[in-house]
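The residues making up each chain are set out below.
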Amino acid sequence: MSPQTADAIKRFLHAAGIVVVLVMILFPLYWMVAGSLKTQPELFAIPPHWTWAPTLDAYREAIADSGVLRALGNSLIVTLSAVALGLVVGVPAAYGIARYSFRGRREIWFWYVTNWMLVPVVVLIPFYLTAARLHMINNPLTLIAVYQIFIIPLVVWLMVDQFRSVPVALEEAAQLDGLNRFQIFLRISLPLVTPGLAVSAVLSGIFAWNDLLYAFILTPGDEVRTAPTIALSYLGGYTIPWPKVMATSTLVTAPVIIGGIAIHKYVARGLTMGAVK
Amino acid sequence: MAEIRIDQISKAYGAHTVLHDITFDVEDGEFIVFVGPSGCGKTTLLRTIAGLEKSNLGRIVIGGKDVTHWPPARRGVAMVFQSYALYPHMTVAQNITYGLKVNKVDPAEIEARLKAAATMLQITQLLDRKPKELSGGQRQRVAIGRSIVRQPGVFLFDEPLSNLDAELRVQMRAELVALHRRLGSTMVYVTHDQIEAMTMANRIVVLRDGRIEQIGAPLDLYHNPQNRFVAGFIGSPKMNFLSVTIQAVSDAGVMVELPGGPKITVPVAGPDLVPGGKVELGIRPEHLLLGPGAGAADAQISVTATLVERLGGETLLHGTTRHGEALVVRKSGELAAHHDETVPVGVVAGLCYLFDADGRSLDPLRPREFPQ
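The rules behind the values
Residues numbered from 1 in each chain as written. Chains lettered and ligands numbered in written order. Predicted model: local features only at pLDDT ≥ 70, side-chain atom pairs only at ≥ 80, totals over all residues. Heavy atoms only, no water. Domains from an automatic or database assignment. Buried area = accessible area lost by both parts, 1.4 Å probe. Salt bridge = Lys/Arg side-chain N within 4 Å of Asp/Glu carboxyl O. Polar contact = N/O pair within 3.5 Å; in protein donor to acceptor, adjacent residues only side chain to side chain. Pairing = 2+ DSSP bridges. Helix = DSSP H or I, 4+ residues; strand = E, 2+ residues; numbered from the N terminus. pLDDT = per-residue confidence, 0-100. Expected span 1.5 Å × (residues − 1). Bend = angle between axes of the 7 residues up to and from the residue. Contact = heavy atoms within 4.5 Å. Nonpolar A, V, L, I, M, F, W, Y, C, P; charged D, E, K, R; others polar. Axes fitted to C-alpha atoms, helices over the stretch in contact; angles between N-to-C directions. Parallel < 35°, antiparallel > 145°, perpendicular 65-115°, else oblique. Core = buried A, V, L, I, M, F, W, Y, C linked by side-chain atoms within 4.5 Å. Buried < 20%, exposed > 50% of the residue type's maximum accessible area, 1.4 Å probe, protein only. Left-handed = near helix turned anticlockwise from the far one by under 90°.

**Student:** Let's hear about the domain arrangement of chain B: which residues, and what values?
**Tutor:** All names here are of chain B. According to the domain assignment, chain B consists of domain 1 (4-232) and domain 2 (237-285 + 296-355). Considering only the side of domain 1, the residues that lose the most area to domain 2 are Tyr-222, Arg-228 and Ala-231, jointly responsible for 65% of the buried surface there. The interface formed by domain 1 and domain 2 holds one salt bridge in total. Glu-280 is the salt-bridge partner of Arg-228, the closest N and O atoms lying 2.6 Å from each other. Here domain 1 is connected to domain 2 by three residue pairs in polar contact (both at pLDDT 80 or more).

What follows is the structure, given as structure tokens:
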């Protein structure tokens, strides 16, 4: 076999691999969107219909009947609040760990990072019991607080490296310019780590938006339930309205995908550490 | 008015002492250069004056005020960093004026100072650019501009030219000297480049391992180094050192035997020396004689050339003595010698230095007469 042939085969296998992965990722998305535009019988047609007359009935039903819009609104509030709180707490913490040396700094950093290894379901019952005692079940504040367990470590982990990549000389120059420590943090360092901030916000936001487990247990009420749990609420009774489930899922997923596409370049830059020069 | 008094400053990182009991004064308006090999403590000393490092012991007095425990901004000093440390997210104009804005200087005054500094440094056309759109030399000017507008009593420079290419470095060197003349401020400048030190300083502080080796005017250090380290550090190419044996000690000086047998009497005082002992003889490359003049010297040694560098205006001959010690001879003009040739090199006793076992320079019996 000539090297050219070997090369061609290699490239073919590479392309084939990419296609397989893409299909695995995109087909469920396609099936969800397609299903949301079908009727129930159409959805279950065997063999599947690749062309059909699309209908928005499922969306009308979802929005009108089940308060999907309200759930989306709840999700938006919980997500934005959780991300904002996580950044307000996590970013200064990361700055402290990056710039100050104090006893236990490594241990604190390690503790933050290892929080991510926590299996969510392990702490679910203690959280439920605590929230119940405090009469905080069905209170969005509970979700916002619980999400911090995952958001703050994520923010700290990402932002410590970001702050470390800002040259110390810049902060020293600012010191000589008469800025105090907080001004240096706010006006010199923070503007230089905006890619990292964006990545932290988006990843935390996706986590909070997507959470099903805690939302399902801690805020099950109709008034306060979040978007991921709403589709789940149809799964009772004798018939499951699959087009409606698909339409709801599409509405829940859309913001994440649109947001992801909008800032994916930023994310790539933020994840390549040392992006700040 | 901003004279600086460094009073018994010591600094240690854990068990590692980087500054040992440093004491000296800088006069108002003086251009003083800290020079030394890397790790000698010169940057730490500068940062201690700036207030970016805390000393463990000692006092720093600037303009008559004890600023030892003051934050950097209150000390009336401005610093130019090796990396320039320009704020990447601000324009040149914002970089220069940011400190003034933070300190709530009147906007009209800020504008006036910005204009003056920009004109002086010829960066008026760059004011709207971001640092990343500037060349190294331009960034350097902006960094200097940022320090000028604060009108500090003291300018601190931390190896500001080390990131520039050779040509630009020479140009900026001249500009900094001109700037110093124009402003008349006290300037403290750190470099590892002894040529920068020699060309810019009113006085040089030579540091090694956190200790002051010698303080003096550039030519004073060149002519009268107090020890072997300073002798070797100041001057380019550096001073030659030969290990020699003491033959006799008399009122006329110390007689030593050069490689290959010739003896010369170096006119220095050696009260503690005894014949048979070893000392080091130092002689600068430019004080060795080559060609027809060599015969007129007090002694001659044979040197085998290993490399002849012809620079046009001068020639550097690198060679080895009969004892295998490396030697460099510098001759103005051109020289016919070539690689592997053995040439006679003349040594003038009055231009030699002797260093004792501790590296101290032995005092000359009379002032050395350097060729004009």
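**Student:** Account for the pairing of strand 10 (residues 211-216) of chain B, naming residues and giving values.
**Tutor:** Residue and element names in this part refer to chain B. Examined bridge by bridge, strand 9 (residues 203-208) and strand 10 share five bridges and lie antiparallel to one another. When the bridges of strand 10 are listed, Leu-207 appears paired with Ile-212. Counted between consecutive antiparallel strands, the loop separating strand 9 from strand 10 contains two residues, among which Asp-209 sits at a positive phi close to 50 degrees.

**Student:** Please provide a residue-by-residue account of the confidence of the model for chain A, values included.
**Tutor:** Across chain A, the average pLDDT comes to 87, with 95% of residues at 70 or higher. When mean pLDDT is compared element by element in chain A, helix 4 (residues 68-99) of chain A scores highest at 94, while helix 13 (residues 242-271) of chain A scores lowest at 80.

**Student:** Quick rundown of helix 1 (residues 3-36) of chain A? Include the residues and the values.
**Tutor:** Because an α-helix packs 3.6 residues into every turn, residues spaced three or four apart end up facing the same way. The terminal C-alpha atoms of helix 1 of chain A, which comprises 34 residues, lie 49 Å apart, in line with the 50 Å expected from a rise of 1.5 Å per residue. Along its length, helix 1 of chain A shows its largest kink, about 35 degrees, at Leu-26 of chain A, and proline Pro-28 of chain A lies within four residues downstream of that point.

**Student:** Provide a residue-level description of the interface of chain B and chain A, including the pertinent values.
**Tutor:** At the junction of the two partners, chain B supplies 21 residues and chain A supplies 16 residues. Between chain B and chain A, roughly 1,600 Å² of surface is buried when both sides are summed, and carbon and sulfur atoms account for 64% of that area. Together, Tyr-87, His-89 and Tyr-98 of chain B form the three largest contributors to the area buried by chain B at its contact with chain A, with a combined 30%. On inspection of chain B and its partner chain A, the count reaches one salt bridge. Our count for the contact surface shared by chain B and chain A stands at six residue pairs in polar contact (both at pLDDT 80 or more). Going through the elements one at a time, helix 1 (42-50), strand 6 (77-80) and helix 2 (92-102) of chain B are the ones with two or more residues in the side of chain B that touches chain A. Considered class by class, the residues forming the side of chain B that touches chain A number 14 nonpolar, four polar and three charged.

**Student:** Before we move on, could you go through the pairing of strand 12 (residues 253-257) of chain B and cite the residues and values that matter?
**Tutor:** All names here are of chain B. As paired strands, strand 11 (residues 240-250) and strand 12 are joined by five bridges and run antiparallel to one another. Within strand 12, the residue paired with Ile-246 across the bridge is Val-256. Following strand 11, the chain reverses through two residues before pairing antiparallel with strand 12. When strand 12 meets strand 13 (residues 263-266), the two strands line up antiparallel, connected through four bridges. If you follow Val-254 over to strand 13, its bridge partner there is Val-266. Counting the residues between successive antiparallel strands, the hairpin from strand 12 to strand 13 contains five residues, one of them, Gly-260, with a positive phi of roughly 95 degrees.

**Student:** Break down the packing of helix 9 (residues 181-192) of chain A against helix 10 (residues 194-210) of chain A for me, with residues and values.
**Tutor:** Residues and elements named next belong to chain A. Where helix 9 contacts helix 10, the axes come no closer than 5 Å and their chain directions differ by 70 degrees. Classified by the angle their axes make, helix 9 and helix 10 are roughly perpendicular. Contact with helix 9, carried on its side by Leu-190, Pro-191 and Leu-192, involves Thr-194, Pro-195 and Leu-197 of helix 10 and no other residues of that element. For the contact of helix 9 with helix 10, the residue count by class is five nonpolar, one polar and no charged.

**Student:** Account for the nonpolar core, with residues named and values stated.
**Tutor:** Core analysis: the biggest nonpolar cluster contains 75 residues, and Phe-163 of chain A together with Phe-34 of chain B have the highest contact counts within it. Among the elements that take part in this core, helix 7 (residues 140-164) of chain A stands out by supplying 12 residues, more than any other. Dropping the residues within four chain positions of it, Phe-163 of chain A is found in contact with Val-91, Ala-94, Tyr-95, Ala-98, Arg-99, Phe-185, Ser-189, Leu-190 and Val-193 of chain A. Counting 45 residues, the second-largest nonpolar core is a separate cluster that includes Ile-96, Ile-110, Val-142 and Leu-161 of chain B.

**Student:** For the packing of helix 4 of chain A against helix 7 of chain A, give the residues involved together with the corresponding values.
**Tutor:** Contact pair helix 4 of chain A / helix 7 of chain A: the axes reach a minimum separation of 6 Å and the direction vectors enclose 35 degrees. Here helix 4 of chain A runs over helix 7 of chain A; the crossing is right-handed.

**Student:** Before we move on, could you go through the pattern of salt bridges and cite the residues and values that matter?
**Tutor:** Applying the stated rule across the entire model yields 21 salt bridges over all chains. Salt-bridge contacts for Arg-47 of chain B lead to Glu-172 of chain A; the nearest nitrogen and oxygen are separated by 2.6 Å. Of the two residues, Arg-47 of chain B is situated in helix 1 and Glu-172 of chain A in helix 8 (residues 168-176); the pairing between them involves two chains. No difference in accessibility class separates Arg-47 of chain B from Glu-172 of chain A, as the two residues are buried. Put simply, Glu-175 of chain B and Arg-141 of chain B hold a salt bridge, and the shortest N to O gap is 3.1 Å. With a gap of 34 residues between them, Glu-175 of chain B in helix 5 (residues 166-183) and Arg-141 of chain B in helix 4 (residues 136-148) connect regions that are remote in the sequence.

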